[in-house]
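Coordinate inspection notes
Residues per chain are reported as follows:
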Amino acid sequence: MVGTQTGGPRRRGVKHSRRPALDVNTSGNRWVVYVRLSRDTDESTSVERQTEEGRRWVEDVAHGIVVAVVVDTDVSGEVSPWKRRHLAEWLETVPPQPFDGMVALRVDRWARRVVWFSSLLDWCRDNGKRINTVRMNIDPSTREGRMFAGIAAMFAENELEVIKERAQETRDTLRQMGRWPGGRVPYGRVKIHLGHDPETGKSLGWKLGDHDHRCGVIRQAADNIFGLNGRPGTTPHAEVQRLNKAGELTESDCRLVDAGKEPKGTKWLRETLVRILLNPTTAGVITDHEGRIVRGDDGLPVMIARPILTLDEQDQLRELIESTPQSETQRARTEKPRRKNAGPLTYVQHCHECGGRTYRDGSTEVRNDGYRRGLRYRCPSRSKGLDCPGVNIVADPVEKWAGEEFLKRHGSMAYVLEEHVPGVSYASDIKAAETALDELEADRRAGIYKGAAVDRFRTQHRNLADRLERLRSLPTREATTVLKDTGRTVATEWHRHHELILRSSAVNDKGEFIVDDPEERKALRERGEQGHNSLYQLFRVRIEVKRAAVKGSRSFDPGRLVFTYQPEEDPEAAALEAIAAEEATD
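Residues numbered from 1 in each chain as written. Predicted model: local features only at pLDDT ≥ 70, side-chain atom pairs only at ≥ 80, totals over all residues. Heavy atoms only, no water.

**As for the overall build of the protein**
Regarding its fold elements, the protein presents 17 helices and 15 strands. For the protein, the exposed surface amounts to about 35200 Å²; the carbon and sulfur share of it is 50%. (Helix = DSSP H or I, 4+ residues; strand = E, 2+ residues; numbered from the N terminus. Areas by Shrake-Rupley, 256 points an atom, 1.4 Å probe, with all protein chains shown as cover.)

Here it is in structure tokens:
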């Protein structure tokens, strides 16, 4: 829609004044026709109608000339005239063209707030401009005209309030029915039209459906933060980096694509991801205009779509996110520094002198003899100021020796996994019902339920109380762990991971790596080493490294290594030892 129209042919079939055309530069009778439309659609003809009636008034009543038609579409009458895209240009000290007056169809086209209309009148009076309306022909330049214009503005403002109240009531009713009340569609959802009433032909409204791919993005991000299946949990910052690296479209770009436009390539931000994860619509529920979850007569949240995350999962996410530092600087202050080259003996190998863990660091470059001489395991205790001489040992031979010793002891054993059997608990449902009951009673005390709404409060309260009593009476079962035989031996599983390590360094006849991509080779080796590490920790393996005969030497010697097992954790024994140690010091 063009904001300003100047000159241009007049429409056919419309009677126009036969007066001679006035000179555009004629001072004192140059008019701007202002057109405003709250909502513009392809079927709307309001812009053309307002323009034609404004032109006719200027020519037949004011006997002037139209220097411009200023059009603002999709603009509410509640918006200040100085914040409207096109009208604001003509309220500047130097407008696009000289003019002497402005005219609109009605007072409500200028503003639906008395304060904005009064401000516009003051501006026109201070700048020597006239302002008129076509309907009722109100001329605010006279005392009577200002009075009628003020009254018309008051009625326009009252009409705006009535329209807003009706729209709010309609949205509240739609929410209560589980239908989408309108507005921007949340990320992960799509609008689905419910069709038309066969008798009246009226629209039945809209509901929210799932966008499968975007729902998967939300679910994966939440699962990664939770750290399921034994994996450590990530952070929203790490998930944002992963999404940006994968080229996943952001919420704003998805909105552009859905509208048939080109995406701008915006990047994911931590705040955006957190807002999406914790959005009530992600849990399938909807909130009212005050931000409270909408509940049905049974007191439970009204479901407007299938939950991507449950409300209980959102509460857990909120706790995790709030306890996670937002910036890298804060994270560096509260977390241990991340160590590179974490090898298969991480958390397994210890210093024989102080008992502390050894860590792998150094270069991963492979030398001519096949070993990565720059890669070592070392005890960091001495560098931390602890009383330990420190140990160093080259990494590759130790890892090979540890694998051989492990297979001698456990290779022929059946590879058995622990499988978690979830329990049956209604704790989250009971908590949700208690929260809903508390909120309902708080709203009652705040006086929200009055008059006819009291009956609704009683119905919701009774249904919630009955549900709470029923949930508390249901039987529960504790979660258990069972052993599952995989049908493989420990050696088979170890070699399966070892194959990945071999693939990462395999070369062809020409001495070239079979896997070309260095990042892929690195990922293969890391997967294999993590698999070995998981097996060692499953059997509680502990390897201790003694000091070398030559001080500071990192050379490999099987005599320096001790293959043993981690002690079983016994909380009661640990408590007794602590008491004995305390008594010994008394």
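Structure's up, so let's keep going.
**Here we look at the packing of aromatic side chains**
Throughout the structure, instances matching the rule amount to eight aromatic pairs. Where Trp401 meets Phe563, the ring centres are 6.4 Å apart and the plane angle is 65°; that geometry is what we call edge-to-face. Of this pair, Trp401 sits in helix α12 (residues 395-410) while Phe563 sits in strand β15 (residues 561-565); the two residues are 162 residues apart in sequence, bridging distant segments of the chain. Comparing Trp401 with Phe563, the two get one shared label, buried. What links up through ring pairs into an aromatic cluster is the set Trp401, Phe563 and Tyr565. A cation over an aromatic ring shows up here: Lys129 above the ring of Phe99, its NZ or CZ 4.4 Å from the ring centre. (Phe/Tyr/Trp six-rings, centres within 6.5 Å; stacked < 30°, edge-to-face > 60°. Buried < 20%, exposed > 50% of the residue type's maximum accessible area, 1.4 Å probe, protein only. Lys NZ or Arg CZ within 6 Å of the ring centre and 35° of its normal.)

**Section: the pattern of salt bridges**
Scanning the entire structure with this criterion turns up 28 salt bridges. One salt bridge connects Arg306 with Asp210, and the closest N-O pair in it is separated by 2.5 Å. Pair noted here: Arg306 is in the loop between α9 (270-277) and α10 (311-322) and Asp210 is in strand β7 (residues 206-210), with a separation of 96 residues, a long-range link. Here Arg409 and Glu405 are joined by a salt bridge, their closest N and O atoms 2.7 Å apart. Remark: Glu405 and Arg409 occur in helix α12; sequence separation between them is four residues, near one turn of the helix. (Salt bridge = Lys/Arg side-chain N within 4 Å of Asp/Glu carboxyl O.)

**What about a negative patch on the surface?**
On the surface, a cluster of negative charge is contributed by Glu512, Asp516, Asp517, Glu519, Glu520 and Glu526. Tracing the chain through its elements places Glu512 in the loop between α15 (490-505) and α16 (518-538). (Patch = residues over 30% accessible without salt bridge, like charges linked within 9 Å, V, L, I, M, F, W, Y side chains within 5 Å. Lys, Arg positive; Asp, Glu negative; His and termini not counted. Charge placed at Lys NZ, Arg CZ, Asp CG, Glu CD.)

**Describing α16**
End to end, α16 covers 30 Å across 21 residues, agreeing with the expected 30 Å (1.5 Å per residue, within 8%). Of all the residues in α16, the buried ones are Arg521, Leu524, Gly528, Glu529, Gly531, His532, Asn533, Leu535 and Tyr536. Considering only its buried residues, α16 is in contact with β9 (359-362), α12, β12 (414-421), α15 and β14 (541-545). The residue sitting at the N-terminus of α16 and contributing the capping side-chain oxygen is Asp517; that oxygen lies 3.2 Å from the backbone nitrogen of Glu519. Looking one or two residues past α16, Arg540 carries a phi angle of roughly 55°, positive in sign. (Expected span 1.5 Å × (residues − 1). Contact = heavy atoms within 4.5 Å. Polar contact = N/O pair within 3.5 Å; in protein donor to acceptor, adjacent residues only side chain to side chain.)

**A closer look at the nonpolar core**
Within soluble globular proteins, side chains that are nonpolar generally end up buried alongside one another. Ranked by internal contacts, the top residues of the largest apolar core, which has 25 residues, are Leu345, Phe406, Tyr536, Val541, Ile543 and Leu561. Those elements that provide at least two residues to this core are β10 (375-378), α12, α15, α16, β14 and β15. Sort the elements by how many residues they give to this core and α12 lands first, with five residues. (Core = buried A, V, L, I, M, F, W, Y, C linked by side-chain atoms within 4.5 Å.)

**Observations regarding the packing of α12 against α15**
Running from amino to carboxyl end, α12 crosses α15 at an angle of 155°, the nearest separation of the two axes being 9 Å. It follows that α12 is roughly antiparallel to α15 by the angle criterion. Contact residues: Gly403, Phe406, Leu407 and His410 in α12; Val490, Ala491, Trp494 and His495 in α15. Of the residues belonging to the contact of α12 with α15, the class tally is five nonpolar, three polar and no charged. (Axes fitted to C-alpha atoms, helices over the stretch in contact; angles between N-to-C directions. Parallel < 35°, antiparallel > 145°, perpendicular 65-115°, else oblique. Nonpolar A, V, L, I, M, F, W, Y, C, P; charged D, E, K, R; others polar.)

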